[in-house]
Number of protein chains: 2
Amino acid sequence: MSTSSPATAVPVYPDHLRDTIERYLEQLRFPARSAGVAGLEEAMRYSLLAGGKRIRPVLALATARAVGLEDRDVLPLAAAIELIHTYSLIHDDLPAMDDDDLRRGRPTCHVAYGEDVAILAGDALYAEAFHLLLRDGARAGGVPAERVLAAAAELADATGVDGMVGGQFLDVKGIGSSARAGEEGDAGERLRVLHGLKTGRLIGASVGGVVRLAGLDDERAEPYRRFAAELGVLFQIVDDILDVTGTEQDLGKPQGSDERHGKRTYVTEYGLQGAREMARRHHAAAASALDDADPSGAPDLRTLTAFFHTRTN
Amino acid sequence: MSTSSPATAVPVYPDHLRDTIERYLEQLRFPARSAGVAGLEEAMRYSLLAGGKRIRPVLALATARAVGLEDRDVLPLAAAIELIHTYSLIHDDLPAMDDDDLRRGRPTCHVAYGEDVAILAGDALYAEAFHLLLRDGARAGGVPAERVLAAAAELADATGVDGMVGGQFLDVKGIGSSARAGEEGDAGERLRVLHGLKTGRLIGASVGGVVRLAGLDDERAEPYRRFAAELGVLFQIVDDILDVTGTEQDLGKPQGSDERHGKRTYVTEYGLQGAREMARRHHAAAASALDDADPSGAPDLRTLTAFFHTRTN
């Protein structure tokens, strides 16, 4: 059986890392002095604990093991990233945005709790993500304050104008993007920029933030960052392929929803075979970058790299 | 002329500090690699540069001078607080929240740019606030990383579930709050809790964050924190009084809007005279706390304390 084809490979996932992050997320509480705020915490945890593969924090934990950090050193950052990912889903689903009623087979946050509460649940998840990282990031004792500061700064940058929210802006405006130098970018390039901001930068911060916590110098950090960038592109291409080829049961949403939303995807721009070829190339580039970063170790990152390519949901 | 009555005193404001923060805010840019995101930055700056007294960052700058910090040490924090305040106004004004069309005499962000862009402009301002503070907070050289970390953690906490967003949740649910121990809290107590979270904690962080940047120990910090807490309550009481007594021109919005929104205020709960008496008591308590913090100095904080009491808008 060839491992180069997403259609035939069997996806394997580092479930031990998912279990670690899931347990950590479950014990998180967001209490207020006022009992009246309990309903806000309920809406936050409804969306946060809706399951999922936890790709970003698992990637952070796998990177931590590769660079020699303890789980406890990186869990506040890993969880903060998942809180932020959850907030982005809540806001993306809002009526004024994508207006989605279902997420992972359950009513979206605004359907379950109302639009006002959903906006605030997203806002609060973002605040509590930084609260968690900034309060606990250096507490375990292994990480100096300046490294936590650098990791948190990268996370803020990755989720701001030149990151996740900027990418969502491009998405809702339907304008893709044009290169800063002018309007010459083609549709494929605009797609790469949009997804590079909307999903790529948070995936990048899942590796890059850990690299900062570990205090790696620029030279040692470079292959990890290249690896994360390739992984981000691979993630999106496979997402677009699965929207066409996946089953509704696997996806947790109707198949073909991108097409019905009129969205440009790697499949609409390059065709299914073209997209699969691109996925193969980015998978190879990610694997090669990982070899540069850690020629012999990082078993969890290798498992994850294969999973990003072969996943079915 | 008595200085104890808001109706007759002449409000004086530390305009030199407002000028300092205004210049700093004006030169802030939020660029993305993609030129297509320029529209997001435009919406952010539309709301950020809409004028206003800049009470929170001015309070931060005044506190910095009292504790011996340079402007450059505290400007990233001060500006971050104003970015966050701006984001909170944008989200509060949304159709799903207060549904306000005008703010400071201009169309609100969602009226000017659409609801989707307004949600994202708020989200991005919040991200860029932390980006600014975490990236530049220690850069000027005078502040060690662990102090920036502590100030940023306080800011995140003050704007999360047990802070600004939690208070807005209480406001939109119209449930005020009940004490954690039970439901025995009266309406006045619920009002104090709501505003203590919604506006009090960010005002508190404007002082408390600077106190952390300065590295004050708990004993020296305590009177500053007490001062900020009294100032926060005073701010809200005077706000409620002005909604009844202020002119539309001074307020930049129609007079009596709280009453039309059916909101409970210090005036509806205690009457105009009762509210004025409360304002006098909290003003005196703030001044007394300031005497404890800095018996002879802090002229800008003294000016501000009087302004919080005597302001007309």
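Anyway, here's the lowdown on the structure attached to this text. (Residues numbered from 1 in each chain as written. Chains lettered and ligands numbered in written order. Predicted model: local features only at pLDDT ≥ 70, side-chain atom pairs only at ≥ 80, totals over all residues. Heavy atoms only, no water.)

### Description of the interface of chain B and chain A
Move 1: Across the contact, 58 residues belong to chain B and 58 residues belong to chain A.
Move 2: Summed over both sides, the interface between chain B and chain A buries roughly 4,900 Å², with carbon and sulfur atoms accounting for 70% of that surface.
Move 3: There are two salt bridges connecting chain B and chain A.
Move 4: Our count for the contact surface shared by chain B and chain A stands at six residue pairs in polar contact (both at pLDDT 80 or more).
Move 5: For the side of chain B that touches chain A, the elements supplying multiple residues, two or more each, are α2 (38–48), α4 (71–93), α6 (115–136), α7 (145–158), α8 (164–173) and α9 (187–214) of chain B. (Contact = heavy atoms within 4.5 Å. Buried area = accessible area lost by both parts, 1.4 Å probe. Salt bridge = Lys/Arg side-chain N within 4 Å of Asp/Glu carboxyl O. Polar contact = N/O pair within 3.5 Å; in protein donor to acceptor, adjacent residues only side chain to side chain. Helix = DSSP H or I, 4+ residues; strand = E, 2+ residues; numbered from the N terminus.)

### Overview of the nonpolar core
Move 1: Of all hydrophobic cores here, the largest spans 210 residues; its most connected members are L40, F130 and L155 of chain A together with L40, F130 and L155 of chain B.
Move 2: For L155 of chain A, the residues in contact, after removing those within four places along its chain, are L77, A80, I81, I84, F130, L133, L202 and A205 of chain A. (Core = buried A, V, L, I, M, F, W, Y, C linked by side-chain atoms within 4.5 Å. Buried < 20%, exposed > 50% of the residue type's maximum accessible area, 1.4 Å probe, protein only.)

### Describing the relation of the copies chain B and chain A
Move 1: Rotating chain B by 180° about the axis while translating it 0.0 Å along that axis superimposes it on chain A, leaving an RMSD of 0.0 Å. Taken together, the turn and the small shift mark the pair as related by a two-fold rotation axis.
Move 2: Interface overlap between copies is the fraction of interface residues in one copy that are interface residues in the other; for chain B against chain A it reaches 100%, indicating a shared surface. (Least-squares fit on C-alpha atoms with pLDDT ≥ 70 in both.)

### Quick look at the packing of aromatic side chains
Move 1: Counted according to the given criterion, the structure contains 14 aromatic pairs over all chains.
Move 2: Taken together, the aromatic side chains of Y87, Y126 and F130 of chain A together with Y87, Y126 and F130 of chain B make up a single cluster linked through ring pairs.
Move 3: Of note, R56 of chain A hangs over the ring of F235 of chain A, and the distance from its end group to the ring centre comes to 5.6 Å. (Phe/Tyr/Trp six-rings, centres within 6.5 Å; stacked < 30°, edge-to-face > 60°. Lys NZ or Arg CZ within 6 Å of the ring centre and 35° of its normal.)

### Looking at the pattern of salt bridges
Move 1: On inspection of all chains with the given rule, the structure shows 45 salt bridges over all chains.
Move 2: Between D239 of chain A and R311 of chain A there is a salt bridge; the shortest N-O distance is 2.9 Å. Taken together, the residues span a long stretch of sequence, with D239 of chain A in helix α10 (residues 218–245) and R311 of chain A in the segment after α14 (299–310) at a distance of 72 residues.
Move 3: You can call R311 of chain A buried: its relative accessible area is 3%.
Move 4: As a salt-bridge pair, R139 of chain B and D136 of chain B come within 3.4 Å of each other at their nearest N and O atoms.
Move 5: Residues participating in the shared-partner salt-bridge network are D92, D98, D171, K198 and K263 of chain A.

### Digging into unusual backbone geometry
Move 1: Positive phi outside glycine occurs at R54 of chain A, with the angle close to 60°.
Move 2: Secondary-structure assignment places R54 of chain A in the loop between α2 (38–48) and α3 (55–67).

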